[in-house]
Amino acid sequence: MHFNLIHIALLFFVTWNTPAFCEDQSQTNSLEPAFRLNGIKTQDAFGPGKSKALLSTVRLMRNNKLIALGTLINADGYIITKASSCVGAREATMHNGESFPLKIRKRFEEIDLALYQLISQQVEFDCVEWEEGNQTSPASWVFSPYLGLQEIRIGITSGNPRTIGREGGVMGVMLGRDGKENGGIEINEVVPQAAADRAGLLAQDLILSVDGRRVLRKNQVIQIVSSKDPGDMITLEILRNNKKKQLKVTLGHNSVTFELFNRNLQMSGPVSKRKDNFPLILQHDLPLPKEGMGGPLFNLKGKCIGINIARVDRVSTFALPAETIKPYLKKWLPTLDKTLSKGIP
């Protein structure tokens, strides 16, 4: 299969001039749903690419609930997915409803990927075909399977490939003045449901030390906390009502903790917890929920160019490029079944 931009442009030209549009133009000036960007007629224009995408993707389930998608990378049933989303995954469901138990084979936290194996006597599974080299540019057409594995979602790459830096952990507090006068740093406000709130910190508590280090300036607290990663635990000594207490705080993600203050994120709905610290990403605008992470991203030739790794907001999703992923898979191969290499060029 081979598509290019001309084919897609022609599709929309024809769609614009169909009776479905013209007859209704005087009344609503809009297309019928089937002919819109992610309508079923538009999806069908991707032909065999759509079918291959749905066949090479699985739904990862925990307690009968979808938690992520997975990408079949090998005919023997090996899949990769977003590691931080698939914790506790017990089974994988195919597009036809058939389910298989899962076995974790490897995690690589550096790029937030996990490798699983489907436990099955089935001889061969459909798997993705990787694109060679970097074949994307801004405004390239791309598509991915949608949650139920019955449809795809279509969009474009919306930025240059780039590195996403480390975010660092946060407690979720607003700090007051430096503490030379009162002997500690006063907490002015605690963000609801953030790490500090869950640990029991309250407004007007005084932070005396962090991990045993005395603190008298806000910058000291910020530097210590931001040097940690989300999920790390710190120990605070605080003063409350003239009594000293020790509290342990498991740090959260900056973007998740403070998303309530960002109007765009308020409109976005749930986003991925980990959206940072990636060596290279492709950005696109496919309307995928956070449970759609871990699934493959395809170009118009029907070849996999990456794995969706983070829903950032309502118009931005990050994907790890194929050329970033493949070296890690090859690194895992010596400790795994040698047949895995059949799916990796």
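Residues numbered from 1 in each chain as written. Predicted model: local features only at pLDDT ≥ 70, side-chain atom pairs only at ≥ 80, totals over all residues. Heavy atoms only, no water.

> Just checking my understanding: could you explain the overall build of the protein for this structure?
A tally of helices and strands in the protein yields nine helices and 21 strands. A burial count over the protein gives 50% of its 345 residues as buried. Looking at the protein as shown, the accessible area adds up to about 16800 Å², and 50% of this sits on carbon and sulfur atoms. (Helix = DSSP H or I, 4+ residues; strand = E, 2+ residues; numbered from the N terminus. Buried < 20%, exposed > 50% of the residue type's maximum accessible area, 1.4 Å probe, protein only. Areas by Shrake-Rupley, 256 points an atom, 1.4 Å probe, with all protein chains shown as cover.)

> What exactly am I supposed to notice about the sheet that holds strand E3 (residues 78-82) here?
Where strands meet in a sheet, backbone hydrogen bonds hold them as pairs that are either parallel or antiparallel. The strand order E1-E2-E3-E6-E5-E4 describes a closed barrel built from six strands, whose pairing is antiparallel. Across the sheet, the mean angle from the axis of one strand to that of its neighbour is 45°, orientation sign disregarded. The pairing of strand E5 (residues 99-108) with strand E6 (residues 113-118) spans six bridges and is classified as antiparallel. Looking at the pairing, Ile104 lines up with Tyr116 of E6. Packing against the sheet, helix H9 (residues 322-332) makes contact with E3, E5 and E6, and its axis sits at approximately 95° to E5. (Pairing = 2+ DSSP bridges. Axes fitted to C-alpha atoms, helices over the stretch in contact; angles between N-to-C directions. Contact = heavy atoms within 4.5 Å.)

> Help me understand the packing of aromatic side chains in this model?
Where two aromatic rings form a pair, the distance of their centres and the angle of their planes describe that pair. Applying the stated criterion across every chain yields a total of four aromatic pairs. Taking 5.4 Å as the distance between ring centres and 85° as the angle between the ring planes, the aromatic pair formed by Phe100 and Phe125 counts as edge-to-face. Here Phe100, found in strand E5, pairs with Phe125, found in the loop between E6 and strand E7 (141-145); they are 25 residues apart in sequence, far enough to count as distant. The structure contains a cluster of three or more aromatic residues connected by ring pairs, namely Phe46, Phe143 and Phe298. Above the ring of Tyr146, the side-chain terminus of Arg153 is found at 4.0 Å from the ring centroid. (Phe/Tyr/Trp six-rings, centres within 6.5 Å; stacked < 30°, edge-to-face > 60°. Lys NZ or Arg CZ within 6 Å of the ring centre and 35° of its normal.)

> Sorry if this is basic, but what is going on with the nonpolar core here?
Soluble globular proteins tend to bury their nonpolar side chains together. Grouped together as the largest cluster of nonpolar side chains are 33 residues, with contacts concentrated most on Ile80, Leu113, Trp130 and Ile325. Within the second largest apolar cluster, 22 residues are counted, among which are Met171, Val215, Ile234 and Leu247. (Core = buried A, V, L, I, M, F, W, Y, C linked by side-chain atoms within 4.5 Å.)

> Mind showing me how you'd approach the pairing of strand E8 (residues 152-156) here?
Looking along a regular strand, one sees the side chains alternate between the two faces of the sheet. Across the five residues that make up E8, a large majority, four, are buried. Sheet topology note: the E7/E8 ladder contains five bridges and is antiparallel. Note on E8: the bridge partner recorded for Phe143 is Ile154. Taken together, E7 and the strand that follows it, E8, pair antiparallel across an intervening segment of six residues, in which Leu149 is found at a positive phi of about 60°.

> Help me out: how do you make sense of the environment of Leu239 in this one?
By secondary structure assignment, the location of Leu239 is in strand E15 (residues 233-240). The partly exposed category is assigned to Leu239, whose relative accessible area is 22%.

> Please clarify how the pattern of salt bridges should be interpreted in this entry.
Pairing between side chains becomes possible if they bear opposite charge and their charged atoms approach one another. Here the structure, examined in full by the defined rule, presents eleven salt bridges. One salt bridge connects Glu131 with Lys301, and the closest N-O pair in it is separated by 2.9 Å. Residue Glu131 is found in the loop between E6 and E7, and its partner Lys301 is found in the loop between strand E19 (296-298) and strand E20 (304-313); the two are separated by 170 residues along the sequence. The network of salt bridges with common partners includes Glu132, Glu323 and Lys326. (Salt bridge = Lys/Arg side-chain N within 4 Å of Asp/Glu carboxyl O.)

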